[in-house]
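Geometric and topological summary
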Amino acid sequence: MSSPTGESAERATGPATGPSPDTSRRGRWRALPSPLRHLLLAALGLAAVTALLFVTGDLTALRLAAVGYTMLAIAGLQLLVGGSGQVSLGHGAFMMIGAYTMTLLVLHQPMLPIAANLLIIVAVSAVAGIAVGAATARLHGPYLAGATLILAVGLPGLTHRYHELLGGSNGLNIRTAGAPPFLQGVFTNSEWKALVVWTTVVIGLAVLATISSGRLGRRMRSLRDDETAAAMAGVPVGRTKVVAFVIASAAGGLGGGLQAYVLGTATPSSFTLVLSLTLLAALVFGGIGSLWGALWAAITVVYLQIWATDLARSLELSRNVENNLPVVFFGIVLILVLRFWPLGVHGALTRLGSRLRPSQTR
Amino acid sequence: MRRGPLGALAAALALTVMATACTGAGEVADSGEVDLDVSTGVTDDSIVLGSHQPLTGPAAPGYLAVSQGARAVFDYVNAQGGIHGRQIDYRVEDDAYDPAQTIDVTRQLVIEDEIFAMVGGLGTPTHGGVIDYLNEEGVPDIFPSSGALAWNNTDEHPLTYGWQTDYTKEAKIQGQYISENFSGQNVGYLYQNDDVGEDSQAGLDQYLTDEVVAREHYESEVSDLSAQVAEFERTDAEVVVCSCIPAFVALAMLEAASIGYEPQWVISSIGGDTATLQGLLAQFTQDTEAEDVPADAFLDGAVITSYMPRVEDQEDEWAQFFLEVYGEYGEGETVTNTHVFGMTQAVMVAQVLKSAGEDLTRQSLVDALESQEWQGPGLLPFSSSGGDHGGHEGVYVVQYQAGGTFEMVQEPRVTDREGGDIEETDFERLSPEALDFHD
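Every chain is numbered independently, its residues counted from 1 as its sequence is written. Just so you know, chain letters begin at A and ligand numbers begin at 1, following the order they were written in. Given that the model is predicted, a residue must reach a pLDDT of at least 70 before its local features are reported, and side-chain atom pairs must reach 80 or more before they are shown or counted; all residues, however, enter totals for whole chains, interfaces and linings.

Some words on the overall build of chain B
A count of helical and extended segments in chain B gives 14 helices and 15 strands. Based on C-alpha atoms, the radius of gyration is set beside the globule rule, defined as 2.2 Å times the residue count to the power 0.38. Taken over the C-alpha trace, chain B has a radius of gyration of 24 Å; the compact-globule value for 439 residues is 22 Å, and the two agree within 12%. Projected onto its principal axes, the C-alpha positions of chain B cover 80 × 65 × 45 Å. Two residues qualify as being in contact provided that their C-beta atoms, derived from the backbone, are within 7 Å of each other. A separation of at least 24 residues holds for 71% of the contacts in chain B among residues at least 6 apart in sequence. Secondary structure is summarised from DSSP: a helix means a run of H or I of at least four residues, a strand means a run of E of at least two, and numbering begins at the N terminus for each.

If you want it as structure tokens, here you go:
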């Protein structure tokens, strides 16, 4: 940069001062290229999940897998809503596309390995994302939300229209292969599936994190903050919006595809409007400002129902209350979080963390 | 860019992908034999039974009564001393009719609650998602609450025992009844657009061909049947066969009445619970012009097929017994035929648990199922052996008369789900006192 202000600032700080190499651990970590950093974190996360799987049983393996694919889907939504500022009420539809793609592939081409299926799902979801993004690129705010609402409400209807192919209300059931023969003794089928899910999830998250901390992420955030200023600064607004949708749809589709892989079933009643709204509400609860919010959101979506039911059972409440407690509980918690910690659980944790480390000045 | 770590990561990724690429995603290896000589869920003083039902969500209002009825019967059995000294611990988990949740709660029941058997799992898409898992884990899957043909598949699912008369058998008997009693009249089909409709048509079409002038279907999410009913009126269908759940039977009847169209309604067992229908009709006519029309007027003359005792039948000893049991052990006041559905299932479960003997293992339960002589409370013969796990084998036909009375217009008849004949049967039931289902 050769702007006048830049040169004078340099001269003002005196000669012989370049940026001194930061040899602290934090500095060396930051010096690594961003993709590498995120992949290393991903590998660490995968190792943690593997350790957890070894000490817990089949039921937890299923739920860990659920946390995984839900987290990937919500992470895509975070990039779209929190990253590029486009409110989408139709994320469940992308999950549905991924789920049905997986079941159709397994039913009609069972010899394809899972990795190939996942790649195909990414491609199909990306096409859907391009279609949706292009259609909604000129919309913003409530109009965009309304348009994506159509997607969430209308897409399940396709299963009835194409009854023969998509199975109608009863959906499609598949059986997926478990652990490969040479690993049969080490992992049970459930644990293997959870590992496949989490491997895909951590890779996906690493990709999302790299994008978010890179140029594309900056462009998306500039769109979120002020579209006109971004356009004037040379950010291609329409294209970036569509790219954001594509990334979100790919993540959502992968999440849905992994869900179908683990559960062995895809039905329209699993992908109602309630799912889309729950994903968004959980994201707000978990923390819309950061990808880590997706983790808290996924844990909430999977475990809140279970914990609230257990709580109701241990309090010996009437059956009616027990059945409906989880939803009421979530609603109250969400209202409280929105009122006191708008940045969600992760925002609250970050603030707590920075308060516990007052000495570090940045 | 650091080559070392990135290269290592790339190699690890490649290895992972290769490891998963050994087998195709859909190629499933055959699972090994399951061990049934176990008494999971059985202690000296209790037997744990599990079930998945929609307790919340849109499907709950129609089906909550099933688990309420079953629970009342199990409470009655426990009050009599249980079964061979063991109390029945009936655990129902909510799946909100969402197959994804069914899978989770079923695993919870099998792994955490360690149930002895799955009893009355409700719904075709929901139960269809867990039937493989239950059979693989060796958990007896007794009496799913649905009429799908999939429960009678002993080659693939030997531990699954159907209960409800399947849709094709019922439809065959309906078709024959119509062709004999309404011969020459035009017939229209109204059906739910899933396996209910498909299997029902397969049965009806064996007896009705040229008479069928209209086939209309509905999706389970709609709230309006005006197009379908208008089509029936246009084609002048004098008989309409309704393979639908109660909400849609009520909607269809109201729609027909509002356009002045009065066909002969023939309703399947899944939609024929008049107590529920009356409630729904009253609810739907609220704040409309038809508010003052009694629900009975819509139902008058409807022909209904069923296989269970009917709660409106004053002379059926089982129906009266169920009313008493529910009055003492049940929640809420009205007893509908949906409660009776759950209660009949529960009596038969208790009966076969008793027959399995004091030394209760899953193998002894399967042996008892295969050799049980069934004599009620259903009015039809019941099959759970010899490669036929189809459950109830047919239906009887009644006609509803305004005022709450029924006339049995055709005695119970049995058939199969292929092209076999429909035969009469002289099935004798035991009374509630004589049937051995508790200590």
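Examining the interface of chain B and chain A
Interfaces are often described in size by the accessible area the parts lose on coming together. Contacts between the two partners involve 40 residues from chain B and, on the opposite side, 40 residues from chain A. Top contributing element to the side of chain B that touches chain A by residue count: helix H3 (residues 99-112) of chain B, with 8 residues. Basically, the charged four are Asp, Glu, Lys and Arg, the nonpolar ten are Ala, Val, Leu, Ile, Met, Phe, Trp, Tyr, Cys and Pro, and anything else, Gly included, counts as polar. Looking at the side of chain B that touches chain A, its residues break down into 17 nonpolar, 12 polar and 11 charged.

Brief notes about H3 of chain B
Given the number of residues in a helix, its expected span is that number minus one, multiplied by 1.5 Å. With 14 residues, H3 of chain B should reach 20 Å at 1.5 Å per residue; the first-to-last C-alpha distance of 19 Å fits that figure. Buried within H3 of chain B we find Pro99, Ala100, Gln101, Thr102, Ile103, Asp104, Val105, Thr106, Arg107, Gln108, Leu109 and Val110 of chain B. Put simply, a residue is buried when 20 or more other C-beta atoms lie within 10 Å of its own C-beta and exposed when 12 or fewer do; between those, it is partly exposed, and each C-beta is set from the backbone.

Considering the nonpolar core
Formed by 217 residues in total, the largest nonpolar core has its most connected members in Ile74 and Leu283 of chain A. Counting the residues that make up this core, at least three belong to each of domain 1 (46-165 + 313-392) and domain 2 (167-306) of chain B. Sequence-distant contacts of Ile74 of chain A, that is, excluding residues within four places in its chain, are made with Leu279, Ala282, Leu283, Ala294, Ala297 and Ala298 of chain A. Connectivity within a nonpolar core runs through C-beta atoms within 7 Å, and the core itself is a set of buried Ala, Val, Leu, Ile, Met, Phe, Trp, Tyr and Cys residues. Note that domain bounds follow an automatic or database assignment of domains.

Examining the packing of helix H2 (residues 60-79) of chain B against helix H13 (residues 337-355) of chain B
Residue and element names in this part refer to chain B. With their axes 7 Å apart at the nearest point, H2 and H13 run at an angle of 40 degrees to one another. With respect to each other, H2 and H13 are oriented oblique. Regarding H2 and H13, the two cross each other, and that crossing is right-handed. Contacts from Ala65, Val66, Ser67, Gln68, Gly69, Ala70, Ala72, Val73, Phe74 and Val77 in H2 reach Thr338, His339, Val340, Phe341, Gly342, Met343, Gln345, Ala346, Val347 and Ala350 in H13. Where helices are involved, their axes are fitted lines through C-alpha atoms of the stretch in contact, as for all axes, and angles between N-to-C directions lie from 0 to 180°. Each angle is binned into one of four classes, with values under 35 degrees roughly parallel, values over 145 roughly antiparallel, values of 65 to 115 roughly perpendicular, and all other values oblique. Crossings are classed by handedness, with left-handed meaning an anticlockwise turn of the near helix from the far one by less than a right angle and right-handed meaning a clockwise turn.

Let's talk about the domain arrangement of chain B
All names here are of chain B. When cut into domains, chain B gives domain 1 (46-165 + 313-392) and domain 2 (167-306). Measuring from the centre of the C-alpha atoms in domain 1 to the corresponding centre in domain 2 gives 28 Å. Taken together, the 10 residues of domain 1 in the interface contact 14 residues of domain 2.

A closer look at the sheet that holds strand E1 (residues 46-53) of chain B
Two strands pair under a simple rule: DSSP has to find at least two bridges between them. Within the open sheet, the 5 strands sit side by side as E2-E1-E3-E4-E5 (chain B). Their pairing is parallel. Taken across any chain shown, the strands that pair with only one partner, and hence form the sheet edges, are strand E2 (87-94) and strand E5 (160-161) of chain B.

Examining the packing of helix H15 (residues 292-314) of chain A against helix H16 (residues 319-340) of chain A
All names here are of chain A. Where H15 meets H16, the closest approach of the two axes is 8 Å, and the angle between their N-to-C directions is 130 degrees. As far as their axial angle goes, H16 and H15 are oblique. The crossing of H15 and H16 is right-handed. Here Leu304, Gln305, Ala308, Thr309, Ala312 and Arg313 of H15 come into contact with H16, specifically with Val321, Glu322, Leu325, Pro326, Phe329 and Phe330. Taken together, the residues that form the contact of H15 with H16 break down as 8 nonpolar, 2 polar and 2 charged.

Concerning the pairing of strand E7 (residues 212-218) of chain B
Note on strand geometry: in a regular strand, side chains alternate between the two faces of the sheet. All names here are of chain B. Sheet topology places strand E6 (residues 187-192) next to E7; 6 bridges connect them, and they run parallel. In the strand pairing of E7, Leu190 is matched with Glu216. A clockwise path from the first strand over the helix to the second, with the strands pointing away from the viewer, defines a right-handed crossover. Read from E6 through helix H7 (residues 195-204) to E7, the crossover connection turns out right-handed.

Re the sheet that holds strand E15 (residues 423-424) of chain B
The strands making up a sheet are joined through hydrogen bonds of the backbone, oriented either antiparallel or parallel. Residues and elements named next belong to chain B. Spatial strand order, E7-E6-E8-E9-E10-E13-E14-E15: 8 strands in an open sheet with mixed pairing. Across the chains shown, the open sheet's two edge strands, defined by having one partner strand only, are E7 and E15. As paired strands, strand E9 (residues 264-267) and strand E10 (residues 303-306) are joined by 2 bridges and run parallel to one another. Note that in E10 the partner of Val266 across the bridge is Val303.

Examining the pairing of E2 of chain B
Residues and elements named next belong to chain B. Only one face of E2 is covered, namely the face carrying Ile88, Tyr90, Val92 and Asp94; the face carrying Gln87, Asp89, Arg91 and Glu93 is uncovered. Direction of pairing for E1 relative to E2: parallel, over a ladder of 8 bridges. Opposite Gly50, over in E2, you have Arg91 as the bridge partner. Chirality of the crossover, the property in question, places the unit of E1, H2 and E2 among those that are right-handed.

Side note on the environment of Asp388 of chain B
Residues and elements named next belong to chain B. Structurally, Asp388 can be placed in strand E12 (residues 388-392). Between the C-alpha atoms of Asp388 and Gln410, which are 22 residues apart in sequence, the distance is 25 Å. What Asp388 contacts, discounting residues up to four positions off in sequence, is Asn152 and Ser383.

Observations concerning helix H13 (residues 237-263) of chain A
Residue and element names in this part refer to chain A. Counted at 1.5 Å a residue, the expected span for H13 with its 27 residues is 39 Å, and the 39 Å between its end C-alpha atoms agrees. Counted residue by residue, H13 has 22 buried out of 27 residues, so it is predominantly covered. Just beyond H13, the residue with positive phi is Gly264, at close to 75 degrees.

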